[in-house]
Amino acid sequence: MQWNSIQLKQEKGVGLITLNRPQAFNALNSELIQELNQALDLLEQDNSIGCMVITGAEKAFAAGADIKEMVDLSFPEIYLDDFFHLADRVAQRRKPLIAAVSGYALGGGCELALMCDFIYCADNAKFALPEVTLGVLPGIGGTQRLTRAIGKAKAMEMCLTGRQMGAQEAEQSGLVAQVFAKEQLLIESLAAAEQIAQKSLTSLMMIKESINRSFEVSLAEGLRFERRIFHAIFASAEQKEGMRAFIEKRPAKFKPESSE
Ligand code: CAA
């Protein structure tokens, strides 16, 4: 497949998507969002892939939605087209998804990172939701996901002022899982992704589904859901393999049941 605004690599069970619009700090235009989703579709359908990583360039993960593409759009145009609905599909992915953020993750770039399951960032990362300075507001989930990630006080402050948050503060606030030197970011992100990809895809997807459920339902409902899918995983060959491998003191060998 020919890509224009992204690059796609697959290795060791990991799909690596690199946003590639250097001329615009990887601003998310329609083509980039479409290609990103096409690549994610391919990776989700590929049974050999257990984890996906989205990254950008050293200076910018992504500087937001493409302002030049949006500036003259009318309300009927964006409403009828349900503008950004395609971007939301990133959050609906079922396989684990890591954002590896270096440099700017602004507006839609920060929202894209927030749609991933966790964020690793470089020490030069800068996160912001600066839409307020453009006379708009975050439109790809920023007000909702940033608030869930770092709490109301900091989310309000960031969205109302548009200020940038650096890597250390992002880690202390719980926005990112770990901070690395910028030369190490991709190495560490791919290492984590490869480690994840070796696990049972069924348990990975169930863990992701269960944690995400915790944001939407009461504790009692979430616990019931977790318990039921814990029961269900005993129907998988991977549960038998994982537990037998432990008892037999050997590494477990997991592969998707559909490819057996
Ligand atoms: N959309 C379109 N083009 C963008 C862009 C964006 N979000 N961000 C940067 N660019 C373009 C610039 O227009 C410029 O292009 P030209 O060379 O053709 O002029 C090029 O990238 C380089 O940018 P700068 O000259 O501004 O570079 P800089 O080093 O001075 O600043 C920056 C870098 C801090 C990232 C700055 O470009 C910036 O603030 N960008 C916009 C950030 C922003 O407001 N993002 C939110 C967008 S709205 C949104 O995302 C809505 C939503 O909820 C989905």
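Residues take numbers from 1 onward in each chain, read along the sequence in its written order. Predicted model: local features are reported for residues with pLDDT of at least 70 only, side-chain atom pairs are reported and counted for 80 or more only, and whole-chain, interface and lining totals are derived from all residues. Think of the side-chain values as coming from all heavy atoms in the structure, minus any hydrogens and water.

With that settled, consider the sheet that holds strand E9 (residues 165-166). Should DSSP find at least two bridges between two strands, the strands are regarded as paired. Here a strand is any run of E in DSSP of at least two residues, a helix any run of H or I of at least four, and the numbering for each starts at the N terminus. The strand order E4-E6-E8-E9 describes an open sheet built from four strands, whose pairing is mixed. Looking along the sheet, the strands with just one partner apiece sit at the ends: strand E4 (60-62) and E9. The contact criterion used is simple: two residues touch if any of their non-hydrogen atoms lie within 4.5 Å. Each axis is a line fitted through C-alpha atoms, taken for helices only over the stretch in contact, and angles between the N-to-C directions span 0 to 180 degrees. Docked against the sheet, helix H5 (residues 108-115) engages E4, strand E6 (104-106) and strand E8 (126-128), running at close to 90° with respect to E6.

A separate point is the sheet that holds strand E7 (residues 118-122). If you walk across this open sheet you meet the six strands as E1-E2-E3-E5-E7-E10, and the pairing is mixed. One side of each edge strand has no neighbouring strand; the edge strands of this open sheet are strand E1 (6-11) and strand E10 (178-180). Between one strand axis and the next, the sheet turns through 20° on average, direction left out of account. Summarising the sheet, strand E2 (residues 14-19) and strand E3 (residues 51-55) pair through five bridges and their orientation is parallel. By the bridge assignment for E3, Gly15 is matched with Met52.

Throughout, the term near means that a residue has one or more heavy atoms lying within 4 Å of the molecule or strand in question. Taken together, 24 residues lie around the ligand, and Ala65, Ile67, Gly108, Glu131 and Gly139 are the ones closest in. At 2.9 Å from an oxygen atom of the ligand is found a main-chain nitrogen or oxygen belonging to Ala65. Think of a polar contact as two N or O atoms within 3.5 Å of one another; within protein, one of them needs to be a possible hydrogen donor and the other a possible acceptor, and neighboring residues in sequence only count if both atoms come from side chains. In this structure, Glu111 approaches the ligand through a side-chain N or O atom, which is 3.0 Å from an oxygen atom. Looking at the shell around the ligand, the elements that each hand over two or more residues are helix H2 (67-70), E6 and H5. Counting residues per element, the shell around the ligand draws most heavily on H2, at three residues.

A 1.4 Å probe that fits but cannot get out identifies a cavity on a 1 Å grid over protein atoms alone, an open set with protein on both sides within 12 Å along at least five of seven lines counts as a pocket, and a residue lines either if it has an atom within 4 Å of a point. Grid points are joined across faces, edges and corners, and a volume is the space filled by probe spheres set on the points. Tallying each qualifying case throughout the model produces one cavity of 30 Å³ or more. Empty space within the largest cavity amounts to approximately 50 Å³. Contributing to the lining of the largest cavity are Leu28, Ile33, Leu36, Ala87, Val90, Gly108, Leu112, Met115 and Ile140. Those elements giving two or more residues to the lining of the largest cavity turn out to be helix H1 (30-45) and H5. Looking at the lining of the largest cavity element by element, the count peaks at three residues for H5. A per-class count over the lining of the largest cavity returns eight nonpolar, one polar and no charged. All amino acids are sorted into three groups, where Ala, Val, Leu, Ile, Met, Phe, Trp, Tyr, Cys and Pro are nonpolar, Asp, Glu, Lys and Arg are charged, and the leftover types, Gly among them, are polar.

The next subject is the domain arrangement of the protein chain. For the purposes of this description, domain bounds are those given by an automatic or database domain assignment. Parsing the protein chain into structural domains produces domain 1 (6-197) and domain 2 (200-248). Computed from C-alpha coordinates alone, the two centres of domain 1 and domain 2 are separated by 27 Å. Each side of the interface is counted separately: domain 1 has ten residues, and domain 2 has six residues. Summed over both partners, the accessible area lost on bringing two parts together, with a 1.4 Å probe, is the buried area. Carbon and sulfur atoms make up 60% of the surface buried where domain 1 meets domain 2, a total of about 740 Å² over both sides. It is Arg94, Asp117 and Arg148 in domain 1 that bury the most area against domain 2; as a group they hold 50% of the surface buried on that side. The residue Asp117 makes a salt bridge to Lys208 at a minimum N-O spacing of 2.8 Å. On the surface where domain 1 and domain 2 come into contact, there are three residue pairs in polar contact (both at pLDDT 80 or more). In terms of residue class, the side of domain 1 that touches domain 2 is built from four nonpolar, one polar and five charged. What makes a salt bridge here is a side-chain nitrogen of Lys or Arg within 4 Å of a carboxyl oxygen of Asp or Glu, nothing more.

On to the layout of surface pockets. Its boundaries defined by the atoms lining it, the largest pocket holds a volume of some 1,100 Å³. Together, 33 residues line the largest pocket, and Met115, Cys116, Asp117, Asn212 and Phe215 are the ones closest to its centre. Looking at the lining of the largest pocket, the elements with two or more residues in it are H5, E7, helix H6 (142-150) and helix H10 (201-213). For the lining of the largest pocket, the leading source of residues is H10, giving eight residues. Broken down by class, the residue content of the lining of the largest pocket amounts to 18 nonpolar, five polar and ten charged. Both domains that furnish three or more residues to the lining of the largest pocket are identified here as domain 1 (6-197) and domain 2 (200-248). Volume-wise, the second largest pocket comes out at about 620 Å³. Forming the boundary of the second largest pocket are 27 residues, of which Met70, Phe84, Glu131, Val136 and Leu137 lie nearest the centre. Among the secondary structure elements, those contributing two or more residues to the lining of the second largest pocket are H2, helix H3 (75-80) and H5. Of all the elements, H3 adds the most residues to the lining of the second largest pocket, at three residues. Among the residues making up the lining of the second largest pocket, the classes are represented as 18 nonpolar, six polar and three charged.

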